[in-house]
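One letter stands for each residue in the lines below.
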Amino acid sequence: MAFLKLTFSKNKRDKLAQVLWILNWVSVVTGILLFSMGLFLKVEINKRVELMAERDIQYVPNMLIAVGLIACAINFLGGKICYDCVDTTKFLRWKLILLPYIMCTFFFTFCVLVGALMCYSMHGELEESLNLGLTEAIRFYKDTDTPGRCFLKRTVDLLQIEFKCCGNTGYKDWFQIQWISNRYLDMSKKDVLDRLRSNVQGKYLMDGQQISNNSAHFNYEHQTEELNLWMKGCRQALLEYYTHIVQSIGLTVLITWLFELSVLTGVRYLQTSLENGLRQGDLNSESDGWLLENGPDNVPPKQIPEAS
Amino acid sequence: MVLLKIKFTQQRRVHLAQGLWLLSWTAVIWGAIIFCLGVYLKMELLRRDEVMDNTEIHVVPNILMIVGLASIGTNWVASCVCQDSLDATRFPRWKVLLLGWFAVAAVLCCLLISVVALSFILQGRLEESLKVGLRNGIRFYKDTDVPGRCYQKETIDRLQIEFRCCGNNNFKDWFEVQWVSSRYLNFTSKDVKDRIRSNVDGRYLLDGVPFSCCNPSSPRPCLRYTLMDNNAHFNYEHQSEELNLYSRGCRQALTDYYMELMNSTGPGVLSVILIQMSVLLGMRYCRLRWKESWLWRTQRARFWLVDPIATEGSSEDADLEKAEKEASPTPAS
């Protein structure tokens, strides 16, 4: 007995073919959407690539771009096939290609599901990459005269302005590194020399004292002051931003997967019912369609022994 | 004498109507685009409403929006006329409207040209408006506790960051106002008292600027205070220092931005003018001297750009009259 068998009249088959044609074109559109979202994510990641350490996160947008393109191609072909299935003569052209096409679509649908899961699993690697990248960026903030790092100051400044954040985890990260270049420090001044001597590495560390010292500023209490500086850390801000993008993309991929699954099921039914119709000799009559010829709990038909 | 006379065969007349129909729909789309451009420009002007003194410049996006909508309507009517122009039974109902249509289309073309002119003429007024608006904005920067002005500081800061500008004409505008609120000044401090006594109005003036004037592209962390004193900072000369703060004034930055926006709508507006005029011309050619029986019996029709009303004695007109008399049936006596 076949798995999930359904009977199709000629009318039902034609309607199925039409519905599948529409579904295929909808899937082409979602494929294009996926492709553009993958491209968008790739551009967004590359914009901030200076702030990310070397981690394997490029695979997500690359995968999305590939899935989008393949979805377009497969569903375009599928649309053409379904359109032709209504006509008997045209169907015979595609007869041999149908089964390989269904296998490819099955494999592709599985890939789409894996892709959706990948989107949601990117979070951990992204956080680690941002953590390391931002630490390095803050450390090299002062190196505006070092080739390869001279634009890091501007990048970090614009990042903090745009994302309304300060430092890696918080603003206190800036107290632990020297972010003013030695070119602008007057080494003959006592204050500067004191600061340089206040730590083992001889770094000019700034003003944990000023911010934490309530008497340095009039009408100021650092414990309750919330609006003076951005309170959020840039790692969290960037993580939230990218997570938001990737989650919406993940949702689109899941919807694409559902469409692909329905297309796959429909095309399988169409293929089996058309082939059964051909086997019966009359494509205009009723025929059975199924997902699998041999179901999970059936026995293959016994061979009838020839009468001796 | 007729102006720009063209002979049309039946085939050519069909082609003209079809081409005109297509052109009308193109004009409808362009009208929609002009309307959207007007809406966008209006929204951009409204966003920076707080730093503008008057709303004279709003006349440009208002006209764009009106013209866009009118253009959509007018050209949609034109497309209907074109569609019906080949059908003898349906065309007569449009005949009455055609003159009115010509008038509206001509007015639209004039309005479009005036928009292009206005956007250049009003540049000076825009600058004046921005000058006054920004001056007030800078003056009320410190009034974060006054209702109605409490967001002025945030507005000016965001403006300076977004447009990469500082002050009205340049950063020295900040030296002339007190931009630190008195709530945060320690009046027992000698420095504060000195500064307040240094000017007639008793304002706390300093040669410093807010943080939003800082240029992130500077290789040096931003210097905001004692900008005119070379000795106050190591390795600093205010005469040659260019990258520390934004050098452009906000009035210049905003004027450039809006002029660029209006100039970019220029090509769109000019294309609409061209398309509208072609539709106008085409419709004029399409307007038939409606003599039903003569027209549909003969294979050739003559079309004029200007009605030969004053050409009674012309031979062409005489031929026409003769042909009409021969073609039309004589009324029964």
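Since we're looking at a predicted model, the values are computed, not measured.

(A) Structural view of the environment of B:Arg135. All names here are of chain B. Note on placement: Arg 135 falls in helix α4 (residues 123-139). Assessed through its relative accessible area of 44%, Arg 135 is described here as partly exposed. The sequence separation of Arg 135 and Asn 169 amounts to 34 residues, and the corresponding C-alpha distance is 9.7 Å.

(B) Geometry of the pattern of salt bridges. Residue and element names in this part refer to chain B. Applying the stated criterion to the full structure yields 28 salt bridges over all chains. For Glu 162, the salt bridge is made with Arg 47, and the minimal N-O distance between the two is 3.6 Å. In this pair, Glu 162 is assigned in helix α5 (residues 152-163) and Arg 47 in helix α1 (residues 10-47), connecting sequence segments 115 residues apart. Among the salt bridges present, the one from Arg 248 reaches Asp 256, with a minimum N-O distance of 3.9 Å. Note on Asp 256: relative accessible area 33%, which makes it partly exposed. Taken together, the shared-partner salt bridges in this structure form one network comprising Glu 44, Arg 47, Arg 48 and Glu 162.

(C) Representation of α5(B) within the structure. Between its terminal C-alpha atoms α5(B) stretches 16 Å, which fits the 16 Å expected from 12 residues at 1.5 Å a residue. Looking at the buried residues of α5(B), the elements they touch are α4 and α7 (250-286) of chain B.

(D) Structural detail: the environment of B:Glu44. All names here are of chain B. You can see Glu 44 is positioned in helix α1. Separated by 109 residues in the primary sequence, Glu 44 and Lys 153 have C-alpha atoms spaced 20 Å apart. Apart from residues no more than four positions distant in its own chain, Glu 44 is found in contact with Tyr 257, Tyr 258 and Leu 261.

(E) Spotlight on the UniProt feature "transmembrane region" (unreviewed entry) in chain A. Sequence positions flagged by UniProt for "transmembrane region" (unreviewed entry) are, in local numbering, residues 20-40, 60-78 and 98-120 of chain A. With 100% helix and 0% strand, residues 98-120 of chain A has its two end C-alpha atoms placed 34 Å apart.

Conventions we followed
Residues numbered from 1 in each chain as written. Chains lettered and ligands numbered in written order. Predicted model: local features only at pLDDT ≥ 70, side-chain atom pairs only at ≥ 80, totals over all residues. Heavy atoms only, no water. Helix = DSSP H or I, 4+ residues; strand = E, 2+ residues; numbered from the N terminus. Buried < 20%, exposed > 50% of the residue type's maximum accessible area, 1.4 Å probe, protein only. Salt bridge = Lys/Arg side-chain N within 4 Å of Asp/Glu carboxyl O. Expected span 1.5 Å × (residues − 1). Contact = heavy atoms within 4.5 Å. UniProt positions renumbered as here; feature names shortened; annotations may be inferred.

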